[in-house]
Structure formats: structure tokens, C-alpha cells
Amino acid sequence: MSLGHACVDVYQGAVAALVPYFVAERAYSYAAASGVVLAASLLSSLVQPLFGVLTDRWAMPWLLPLSALTAGAGVALSGVTSSYALTLAVVAVSGVGVAAYHPEAARVARAVARGRHTAMGWFSFGGNAGFALAPLLVFAVMATGGLRASPLLFVPALVGAVLCAAAVRSAGSGAGSAAAPAAVGEDDWGSFLRLSGAVVCRSVVFVGLGTFVSLYVRERTGGGAVAGTAALFVLYAGGAAGTLAGGRLAERYGRMAVVRRSYALTVPAVAGLVLVPGPPVYLFVALTSAGLYVPFSLHITLGQDFLPRRVGTASGVTLGLTVSVGGLAAPALGALADATSLRSALLPLITLPALGRLLLCGLREPAPPGTAATAAERPDPRDPAAR
């Protein structure tokens, strides 16, 4: 499941990694280039809840290999399209493939993980590893022939389809049953919506930086394509490691404590990335990556435990919708960059993790699936870790 997740999410990272090449080869403005990111996010954001609802009603393991192929086909065609509108269309198709994958994949992964945070961390690690490999993959493919070589980007989709099919077979009848298993517990929509609001703040920061950090670091360091690719790789690769750390930290300190502290760390990290000149920017990219990614898998399990009767919906929102929804803000950042500068466009991103941290204030650790938390099991709000 983790390897298949990597092969699918490489296409989310690839869209942002292609932005500098669209700017260089097609002379797209910042706003036009960020519109490509929007195309990948908009349709995905609209259909993601639908796939979550369907997953709550029926198990659809066949959707995993199909969605991998769809995600790859759109990105592979994006470099050989004849018009801007057609580029947007094929990238949007890729976004639908990504949207179709995540709710069902999270359901199967949850069944295999049996509630273990570290196991879900490994599943999330796969997706984040795919993000991390995307800039290197795109750089290698573009070096062979520029955007005209983009069909080579379909290779991970083929590998991912095989891996997803193998994972479903390995998971056994639980992954392939006709109906999703019934859950025990009460849905806590208030807590879930607050968690989702925080993840949306995280998403805007993540997608905004993913879209522009390569161009920004080139500008700040005076480096070329290698400097920009390195910055994007650090942003994504640090996240892969952070995801694994998040699961282990949660088992020691509790999920909510780890999530809150991660959001708090992200505020000064983003500030340093935007404001500190020269090579030290890479250090702040790494710190930002840790702050954004340590809580990544914890968002998924918290959302599922807040909505135990709607695990597919919760997965679609925390794993998919609130990740892709950040792309909706990308054109606004691009337009601001065109009107002012990249630095001015990135400045608002400093405030969003602080807003997310405020939304998390007072949220309590949800009861484990199938149990009712007693007063003794609930964290004491006076405990510093609970705050």
C-alpha cells in the first residue's frame, strides 16, 4: 500500500515540479502557471467527497489501480498538449485519478494497520516519498527533451497499478468485500470540522510553497534549475521522514499534542524561508517540511476517529480534499506575485499555520474506534501536553 501510494502521489508533486518548465518553455506568467496547479486541484476537490461517500457504502478495491493509471495519464500528456486549455484539461483528469485513489486506499490501509499509528505512518510515508521523488523524476525527464518528453512520466503509473492490485490481493477479503464494514461510535462533526479547517490552512501553505519555492529559491540564491529542484526536493523529502516521525511521536506523546506543536513550529519556519536570504533558506525549507509533515498521518487517523461511522468521508477530506484544496489559492498567490514579487506573495503564508493552531485549541483526543472514552481516559485540559 505504501509503495502504491508513492506511485500515485508522485503525480501531485509532479504538477508543481513542472511549473518552472511551463514558465521557461511556454512563457507562462506566474498566474497562468499556478492555474495548472489549480486545474489539478479544483476538480479533485469537487469529486473527492463523492468518492469518500461511495467508499463508506461499498468497498471498491478495483478503483486503486485504475486511479493510478488515470493520475499518471493526465500528467504524462501535460507536456505535449497543443494549448493552455488542453493542458488544464489533462491535468484536471490527473486530479480526478488522485481523488479517486485516496479514500479507498485509506480504508484498506486502516484495515491492514489495525489502528496502529506507526502503520498508518508508513502508508502516509509512501505518499510523501512520492512527493519527494517527483522533482527528481521531473528534472530527469525534462533533461532528456524538455516538456516533449513528458510521456515518460507515465511509467510510475504502470508500476503503481501493479502494486495496488498486488496490495489488494494481499489484504484479502476485507479489502474486497462488497460493503464497507460498519463502525461503532458516534460522529463528532464539530471536532472534525475544526480539524479540517486546520488542515486547510496547512494545505494552502504546502501547495503555495510547492508551486513557487523552486522559483523563489532560484531567485534568492542566484542558482539555476538545480538550486530550485534541490529546494523542492528538500521540502518533499523532509516530509517523508517527518511522517514516520509523527507516528512514533504520537505513540509517545499523543496525537493532539504532536499536531499542535507541529503547527507552532511551522510559523517561524515559514517566516525564515520567506525572509532569510541566501543558502540558509534550505535549512528553513527543511524545518517547514518537518512542521507540515509530522502531523500528516495523524490528521488521517484523527479524522477517522472523529467520524468512526464515515471513515471513507473522513479519509477523503483529511487525506485528499484538504490537501488538494490548497491549489485553489495558488492562482491568487500567482497573481499577487505577478503584481508585486514572489516574496510578497509568500508572506501571507506565515500567518496560516498560526490560524490552524488556533483552530486546534481545545480539541481532545478522540476515543479509540469501538470504545467510549471515559472521563479518566480523556486528557486533562490543564495538562500542558493536552494544550
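Going by the structure above, here's the rest.
Now for a look at the structure at hand. (Residues numbered from 1 in each chain as written. Predicted model: local features only at pLDDT ≥ 70, side-chain atom pairs only at ≥ 80, totals over all residues. Heavy atoms only, no water.)

Count 3.6 residues to each turn of an α-helix, and residues three or four apart come out pointing the same way. If you check helix H3 (residues 63–78), its first and last C-alpha atoms are 23 Å apart, about what 16 residues at 1.5 Å a residue would give, namely 22 Å. For H3, the set of buried residues is Leu63, Leu64, Pro65, Ser67, Ala68, Ala71, Gly72, Gly74, Val75, Ala76 and Ser78. Structurally, H3 contributes buried residues whose contacts are with helix H1 (2–26), helix H2 (30–57), helix H4 (84–113) and helix H6 (155–171). (Helix = DSSP H or I, 4+ residues; strand = E, 2+ residues; numbered from the N terminus. Expected span 1.5 Å × (residues − 1). Buried < 20%, exposed > 50% of the residue type's maximum accessible area, 1.4 Å probe, protein only. Contact = heavy atoms within 4.5 Å.)

What follows deals with the pattern of salt bridges. Throughout the structure, instances matching the rule amount to four salt bridges. The salt bridge involving Asp305 is made with Arg255; its shortest N-O contact spans 3.0 Å. Taken together, the residues span a long stretch of sequence, with Asp305 in helix H12 (residues 296–306) and Arg255 in helix H10 (residues 255–275) at a distance of 50 residues. Each of the two residues, Asp305 as well as Arg255, counts as buried. Because the salt bridges share partners, they merge into one network encompassing Arg255, Asp305 and Glu365. (Salt bridge = Lys/Arg side-chain N within 4 Å of Asp/Glu carboxyl O.)

A word on a nonpolar patch on the surface. Side chains of Leu42, Leu43, Leu46 and Leu328 sit close together on the surface and give an oily, nonpolar patch of about 350 Å² of accessible area. Residue placement: Leu328 occurs in the loop between helix H13 (311–324) and helix H14 (330–339). In this structure Leu328 comes out as partly exposed when scored by relative accessible area, which is 37%. (Patch = residues over 30% accessible without salt bridge, like charges linked within 9 Å, V, L, I, M, F, W, Y side chains within 5 Å. Areas by Shrake-Rupley, 256 points an atom, 1.4 Å probe, with all protein chains shown as cover.)

By secondary structure assignment, the location of Ala337 is in helix H14. Classification of Ala337 by relative accessible area gives buried; the value is 4%. Spatially, the C-alpha atoms of Ala337 and Ser29 are 9.5 Å apart, while their sequence positions differ by 308 residues. Apart from residues lying up to four places away in sequence, Ala337 is in contact with Tyr30, Leu342 and Ala345.

Considering all chains together, one arrives at 10 aromatic pairs under this definition. Considering the side-chain rings of Tyr30 and Phe212, the 6.2 Å spacing of their centres and the 90° angle between planes classify their relative orientation as edge-to-face. Taken together, the residues span a long stretch of sequence, with Tyr30 in helix H2 and Phe212 in helix H8 (residues 189–221) at a distance of 182 residues. An aromatic cluster is defined as three or more aromatic residues linked by ring pairs; in this entry it consists of Phe131, Phe206, Tyr236, Tyr293 and Phe296. Arg202 extends its terminal NZ or CZ atom over the ring of Phe206, reaching a point 4.8 Å from the ring centre. Above the plane of the ring of Tyr293 lies Arg202, whose end atom (NZ or CZ) is 5.1 Å from the centre. (Phe/Tyr/Trp six-rings, centres within 6.5 Å; stacked < 30°, edge-to-face > 60°. Lys NZ or Arg CZ within 6 Å of the ring centre and 35° of its normal.)

Let's shift gears to the nonpolar core. Generally speaking, nonpolar side chains in soluble globular proteins are found buried as a group. The biggest cluster of nonpolar side chains holds 76 residues, and the ones touching the most others in it are Val138, Val213, Tyr236, Leu273 and Leu349. Those residues in contact with Val213, other than ones at most four positions away along the chain, are Ala231, Leu232, Leu235, Leu273 and Val285. Grouped together as the second largest cluster of nonpolar side chains are 18 residues, Val258, Tyr263, Phe306 and Val317 included. (Core = buried A, V, L, I, M, F, W, Y, C linked by side-chain atoms within 4.5 Å.)

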